[in-house]
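Overview (structure and organization)
If you want the building blocks of each chain, they are given just below.
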Amino acid sequence: MIDDGTSRRRFIATAATAVATAGLAGCTGSTGQIHPQEPSEPREGSPEEFYYFLEDNDIAVEELAREDDELFLTYDSEAETIDESDEEIMVIYEVYKLALIHRGSEIEYLYSEIADPFEEQALGWGIDSEWVHRFDSDEEGEGNETDANESTNSSVGNESAEEELDMDQVTLWSNIMNTKVYEDDVEAVGNESDANETAANATNASDDVLENESD
């Protein structure tokens, strides 16, 4: 399960707020929009290369943007079922791991938005890079020349009955799945924001009254 340091609430609050304001890319700051770039030799582990390998793995990127150590991805899903959607998430995770984290990138979070989800599909989901280091860090393989286009061979979340169950992989996959944002989450965040704003306004009004009385 997700630990207290990186709660599901953090992802829902960030992703849901972004979705509610018409796109994760709108949250970007100084760095802004990212464009694809063919990998260099040696690899840089850059967001531009990450974008390139996403497209190389048939992920239709609509937008990729950066703010400090966070990436905001919007992509068009070709999935028609939840299983197919999860397979796309798996591919994006593997590219994130191989093209960025195993290349020494300092990116700490990926927030993903699905541009036009079907009715039961999540609106968005996220990855904390710490999970890669804790649950899927190949000490001998980190930074090696494994090509990110091999990502579709991942077995995350799809262990066969004949293979030994890898609890680290199960934990990792559960963490990612638990960050999924749905319409109800967006509405809940909006309602909570409205309630907080109302409470703040009430407090300010009360302070003004007390100040006037003291005069």
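In short, a report on the structure. (Residues numbered from 1 in each chain as written. Predicted model: local features only at pLDDT ≥ 70, side-chain atom pairs only at ≥ 80, totals over all residues. Heavy atoms only, no water.)

In spatial order, the strands read β1-β2-β3-β4-β5; together these five strands make up an open sheet with mixed pairing. In the strand order of this sheet, the two ends are held by β1 (32-33) and β5 (124-128), each with one partner. The sheet contact formed by strand β2 (residues 60-67) and strand β3 (residues 70-76) spans seven bridges and is antiparallel. Its bridge partner being in β3, alanine 60 is matched across the sheet by aspartate 76. Most of the contacts of helix α3 (residues 82-100) go to β3, to which it runs at about 140°, and overall it touches β3, β4 (109-114) and β5. (Pairing = 2+ DSSP bridges. Helix = DSSP H or I, 4+ residues; strand = E, 2+ residues; numbered from the N terminus. Contact = heavy atoms within 4.5 Å. Axes fitted to C-alpha atoms, helices over the stretch in contact; angles between N-to-C directions.)

A word on the pattern of salt bridges. In this structure the tally under the stated criterion is three salt bridges. Where aspartate 86 meets lysine 180, a salt bridge forms, and the shortest distance between an N and an O atom there is 2.8 Å. Taken together, the residues aspartate 86 in helix α3 and lysine 180 in the loop between α5 (167-177) and α6 (183-214) connect sequence positions 94 residues apart. Here aspartate 86 and lysine 180 have matching classes, each one buried. In this structure, aspartate 136 engages lysine 97 in a salt bridge whose closest nitrogen and oxygen atoms are separated by 2.9 Å. In this pair, aspartate 136 is assigned in the loop between α4 (129-135) and α5 and lysine 97 in helix α3, connecting sequence segments 39 residues apart. Side by side, aspartate 136 and lysine 97 carry an identical accessibility label, which is buried. If you follow the salt bridges from partner to partner, you end up with Glu94, Lys97 and Asp136 in one network. (Salt bridge = Lys/Arg side-chain N within 4 Å of Asp/Glu carboxyl O. Buried < 20%, exposed > 50% of the residue type's maximum accessible area, 1.4 Å probe, protein only.)

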